Amino acid sequence: MNRSIIKRKMQSVVVPLISGLVLILLTYGTGIGQTENFISKINGPTDYSESEVEEEELMGNRFLTFASVVRVNQIETTRTEFHGVDESAVHSPREARIFREAIEKAWPGARMTWAFSWLALQDERQNYQDLRELIVSYHKKYGDEITFIPGAYFSPMYNSREQTNRDLHEGLQMVSEMVGNGYRPLAVIGGFLSADNLRYLSEEEGIHVSQGTIWSQYAVDNGDGDGSIVYPYYPSTEHFNKPAQGEADFIDCVNLDGWTVDFLNARYPGARRIDGVNCGSRMGVGPIETVIRLGTEQGVRQMLATTASHFDKGFELNGFAWVTSIWELSLVEARKLWPGYQGRNGMEGLDIWLSEIRRRWPDAKAITHGEFGMLWREHFKSNDELDYRFVHRGSGICGSEPELEIRWFMNKDFRMATLRDWIAQTPEKVIDFTRYDLKAQEPGNPEPGKPIRNWSLMNRLNQKGTRPQDVPMEIEALYPEEQKMIKKRYPVLFEEGHPLNIK
């Protein structure tokens, strides 16, 4: 395989990962081309190890990207408005040290991404001044990325595109001034960002990586955005959830998911009450739905099962694998603010999860969002070669039924999911068929006081089952043109007797 090597100053680190469920992610790369030394864009001196090592490209590696959000209020919808509680009491250097030192202890050499909200960048109280100074020291010590988050995950729902662009411009300026020495992040954390905002980042800010979609989110928190593919893609100018179809609608900003989730549990909108437990549809490697809500033992089991779904069979079959998560800094002591957290902060589970990843996969890499996105961008020049495949069997925790097996197929043309009972060997049925060849359109700008919640991309058939048409069906029940689309990509699904045939 042709490989390009990026030389950089960094701490030598050997990292591991996990095993568990089966996830199949097939990616066929085209040529690799001339490697851009994008790491040099992280300007400013560093004092983390002077040993020079070679970091390989995307293919042949397992990756974990891990971020934390530093904010003042729970959901800062605009520069001046917020929803939820004031979290300033649990944002201090103490919480940051507990958090960052736990990561370094469990995974020496891991690099992570810190995203500051608008208010957290401007707050002049001593705890925020000290917190900003401390996290800048982590950039110098560990190589962490420091960036900006607009609108606390939900900027398009509350702000015009123009306002979000202004927030991005000025927020990134504040980050550069805070870090100093001409620093500029490679990525932003956005939660959801509209296509116009992603294009602005690429064309005006020179930033080509964004965590700008939250896969499968529906009826959760303050915004809905189901409809994208789960691994990186270049978004279309029509809709942030739609992969660009060609040069005419291409945005050169790699769009990343926010949290890796359990594919079975993700089928449901919001949450379900199962055996007295509130089982959130975003259960995966995030802390609230796992180690905080379920407790350390069961929560870590679910986190490992979700991680293993990507790092076991999927990596073997497809050449690279990726797990991602965001743990807000407030979670270190949010138990003081939320009685429902039952005194849990998830830190014990975080240590076990990261340590177990390292034990099982000693070659895995924990790098920043910007580094990962740029590695992907170096390998994939368009969406033409994308062919992500996943096979996942339930963990038996919450809504992840152990007898069920879900298969996902994701590419530039469509995403499709099938479901079956693998123990009873029932026939597979299609539960999601989202076409990307169809015209898509995002909502307009929200008016003040009138947020637009739903930014999902749903057309033919959606996994959440929220519309009358979202009824599982045999593949033969799809329109002939749709069957033709699927057969063009995956002819084996229609071959009688083939082990991958949809029966």
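Remember, predicted model here, so these are calculated numbers, not experimental data. Residue numbering note: each chain is counted from 1, following its sequence as written. For this predicted model, a pLDDT threshold of at least 70 governs which residues receive local features, and a threshold of 80 or more governs which side-chain atom pairs are given and counted, while totals over whole chains, interfaces and linings are taken from all residues. The basis for every side-chain value is the complete set of heavy atoms in the structure, and neither hydrogens nor water enter the calculation.

Some thoughts on the packing of helix α5 (residues 161-179) against helix α6 (residues 195-203)
Part 1: The axes are straight lines fitted to the C-alpha atoms, using for helices just the contacting stretch, and the angles between their N-to-C directions are given from 0 to 180°. Secondary structure follows DSSP: runs of H or I at least 4 residues long count as helices, runs of E at least 2 residues long count as strands, and numbering of each begins at the N terminus. Two numbers describe how α5 lies on α6: the axes approach to 9 Å, and their chain directions differ by 35 degrees. For the pair α5 and α6, the crossing hand works out as right-handed. Of α6, the residues touching α5 (which contributes R161, T164, N165, L168, H169 and L172) are D196, N197, Y200 and L201.
Part 2: Throughout this entry, Asp, Glu, Lys and Arg are counted as charged residues, while Ala, Val, Leu, Ile, Met, Phe, Trp, Tyr, Cys and Pro are counted as nonpolar. The remaining residues, Gly among them, count as polar. Taken together, the residues that form the contact of α5 with α6 break down as four nonpolar, four polar and two charged. Crossing handedness follows the turn of the near helix against the far one: under a right angle anticlockwise gives a left-handed crossing, and clockwise gives a right-handed one. Note on contacts: a residue pair qualifies if any of its non-hydrogen atoms lie within 4.5 Å across the two residues.

Notes on the nonpolar core
Part 1: In this structure, F99, I146, L350, W353, L354, W376 and Y388 are the most contacted members of the largest nonpolar core, which totals 122 residues.
Part 2: Contact partners of L350, with chain neighbours within four places excluded, come to F66, F99, I103 and W327.
Part 3: In this description, a nonpolar core means a group of buried Ala, Val, Leu, Ile, Met, Phe, Trp, Tyr and Cys residues linked to one another through side-chain atoms lying within 4.5 Å. For every residue, the accessible area obtained with a 1.4 Å probe (protein chains only) is divided by the maximum for its type, and the residue is called buried under 20%, exposed over 50%, and partly exposed between those limits. V430, M473, I486 and I502 belong to the second-largest nonpolar core, a separate cluster that totals 14 residues.

Brief notes about the environment of Y388
Part 1: Within the fold, Y388 resides in strand β15 (residues 387-393).
Part 2: Sequence separation between Y388 and P232 is 156 residues; the distance between their C-alpha atoms is 9.7 Å.
Part 3: For this analysis, a polar contact is any N or O atom pair within 3.5 Å, provided that within protein one partner can donate a hydrogen and the other can accept it, and provided that sequence-adjacent residues contribute only side-chain to side-chain pairs. Among the polar contacts made by the side chain of Y388, one reaches the main-chain carbonyl oxygen of P232 at a distance of 2.8 Å.

Quick word on the pairing of strand β3 (residues 61-70)
Part 1: Extensive coverage of β3 is indicated by the burial of 10 of its 10 residues.
Part 2: The alternating pattern of β3 places N61, F63, T65, A67 and V69 on one face and R62, L64, F66, S68 and V70 on the opposite face, and all of these are buried.
Part 3: For β3 and strand β13 (residues 320-326), the ladder comprises seven bridges, and the chain directions are parallel. Counted as the bridge partner of L64 is V323 from β13. Strand pairing follows a simple DSSP-based rule, namely that at least 2 bridges must link the two strands.

A short note on the sheet that holds strand β18 (residues 429-435)
In a beta sheet, neighbouring strands are held together by backbone hydrogen bonds and run either parallel or antiparallel to one another.
Part 1: Judged by pairing direction, the sheet is antiparallel, and its four strands sit side by side in the order β15-β16-β17-β18 without closing on themselves. Two strands close off the open sheet at either side, each with one partner strand: β15 and β18. Mean inter-strand twist for the sheet, computed between neighbouring axes without regard to direction, equals 10 degrees.
Part 2: Relative to β18, strand β17 (residues 414-421) runs antiparallel, the two being bridged by six bridges. The residue of β18 that forms the bridge with F414 is R435.
Part 3: Along the sheet, helix α12 (residues 480-489) makes contact with β15, β16 (404-411), β17 and β18, crossing β18 at roughly 90 degrees.

Observations regarding the state of the cysteines
Part 1: Two cysteine sulfur atoms form a disulfide, by the criterion used here, when they sit within 2.5 Å. Applying the stated criterion across every chain, the model contains one disulfide.
Part 2: Across the disulfide, C279 is cross-linked to C398 (sulfur-sulfur distance 2.1 Å). Taking the sign of the torsion about the S-S bond as the criterion, the disulfide between C279 and C398, at about -70 degrees, is left-handed. Within this pair, whereas C279 is found in strand β12 (residues 277-280), its partner C398 is found in the loop between β15 and β16, the two being separated by 119 residues in sequence. Of the two residues, C279 and C398, neither departs from the other in class, the shared state being buried.

Concerning the confidence of the model for the chain
Part 1: The pLDDT value tells you how sure the predictor is about a given residue, anywhere from 0 up to 100. Put simply, the chain has an average pLDDT of 89, and 89% of its residues get 70 or more.
Part 2: A low-confidence stretch, residues 1-46 (pLDDT under 50), is modelled with 185 contacts involving residues beyond four sequence positions or located in other chains.
Part 3: Of the regions scoring below 50 in pLDDT, residues 48-54 engages in 27 contacts with residues more than four places distant in sequence or in other chains.

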